[in-house]
Each structure stands twice: as structure tokens, then as C-alpha cells.
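Single-letter residue listing:
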Amino acid sequence: EVQLVESGGGLVQPGGSLRLSCAASAFSFENYAYMWVRQAPGKGLEWVATISWNGDRLYYAESLKCRFTISRDDAKKTLYLQMTSLKSEDTATYYCAKSRAKTVTVGYDYWGQGTQVTVAP
């Protein structure tokens, strides 16, 4: 069974940091690109970041690239999102997703259940 499980969310104060993890199972993790997407309350899905299959290319939403860092550890079959200088507007459910192939522009076929991030005093 192909599965992606996010973790690491929680309550954090403005200006704080969190590291989200996305653990994969039942497939060759290293052969695919991955992305993080978030959904704020009452809002649609917003793309956050993408990492290529070999980790050589990183892509970020322009407004987030100075604060967020996407990375991967193929040996651990885990995707990460390091978030710093968090703002209240970063409050959202964060999802990780796997690409259908090595290229980053193809569709993403598997999504995790999401992990909640709440930024508040």
C-alpha cells in the first residue's frame, strides 16, 4: 500500500519555527518528485514548495522562499519542510504529495492526510 503520512504540525507562536515531515512507504521514494501544499481555513489549496526527484531542483512560492526550506532524505524515505519566522497567515493544514513520475510538472497521485499548523500567540 502506497502511503504518505505527515507529522510535525502543532501550535507555535508568531516568529517561531516548525519542521514538518512526510514519511513514505511501499514504493521507491527516490524516483519521484514531491511537493508541499497547504490549505488555510476557508481558502483553497495553495502550493508551497516542490523538490525534484534527485533533490537538485527546489521550487518555492515566491512569498515563502525566504522562510521555508524543502528537503528530502531518500534513505529514510522522508520529505521535510522547515518553516521559520512563522506568521499567523501560515496557519493551515499542510499536505505532502508524490508525483506520478520523475518530472515535477506531471500530476501528483498520492497525498497524505495533512498535518495542522496553527500560528498564534
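See the structure shown above.
Cut-off values and rules
Residues numbered from 1 in each chain as written. Predicted model: local features only at pLDDT ≥ 70, side-chain atom pairs only at ≥ 80, totals over all residues. Heavy atoms only, no water. Helix = DSSP H or I, 4+ residues; strand = E, 2+ residues; numbered from the N terminus. Rg over C-alpha atoms; globule rule 2.2 N^0.38 Å. Buried < 20%, exposed > 50% of the residue type's maximum accessible area, 1.4 Å probe, protein only. Contact = heavy atoms within 4.5 Å. Pairing = 2+ DSSP bridges. Axes fitted to C-alpha atoms, helices over the stretch in contact; angles between N-to-C directions.

Trainee: Is there a simple way to explain the overall build of the chain in this structure?
Mentor: Counting secondary structure elements, the chain contains 0 helices and 11 strands. Shown N-terminal to C-terminal, the secondary structure of the chain runs as helices and strands in the order β-β-β-β-β-β-β-β-β-β-β. Computed over C-alpha atoms, the radius of gyration of the chain comes to 14 Å, within 12% of the 14 Å expected from 2.2 N^0.38 for 121 residues, which places it in the range of a compact globule. Oriented by its inertia axes, the alpha-carbon framework of the chain measures out at about 40 × 30 × 25 Å. For the chain, the residues scored as buried account for 41% of the 121 residues in total. Pairs at least 24 apart in sequence give 55% of the contacts found in the chain among residues at least 6 apart.

Trainee: Even after reading the chapter, I still don't get the sheet that holds strand β1 (residues 3–7), so can you show me in this structure?
Mentor: Hydrogen bonds between backbone groups are what pair the strands of a sheet, and the pairing can be parallel or antiparallel. The 4 strands are arranged β1-β3-β8-β7 in an open sheet whose pairing can be described as antiparallel. Strands at the two margins of the open sheet, each flanked by one partner only, are β1 and β7 (68–73). Taking each pair of neighbouring strands and ignoring which way they run, the sheet shows an average axis angle of 15°.

Trainee: Sorry, what's going on with the environment of Q113 here?
Mentor: Mapped onto the secondary structure, Q113 falls in the loop between β10 (108–111) and β11 (115–119). Excluding residues that lie within four positions of it along the chain, Q113 makes contacts with L4, V5, E6 and Y95.

Trainee: Hey, could you run me through the pairing of strand β8 (residues 78–83) in this one?
Mentor: In summary, the side chains of a regular strand alternate between the two faces of the sheet. The buried fraction of β8 is high, at 5 of 6 residues. In this sheet, β8 lies alongside strand β3 (residues 18–25) in antiparallel orientation, the contact comprising 6 bridges. Paired with C22 across the bridge in β8 is L79. Both β7 and β8 contribute to a ladder of 6 bridges, which runs antiparallel. What sits directly across from D73, in β8, is T78. Counting the residues that bridge the hairpin from β7 to β8 gives 4 residues, and of these K77 lies at a positive phi of roughly 50°.

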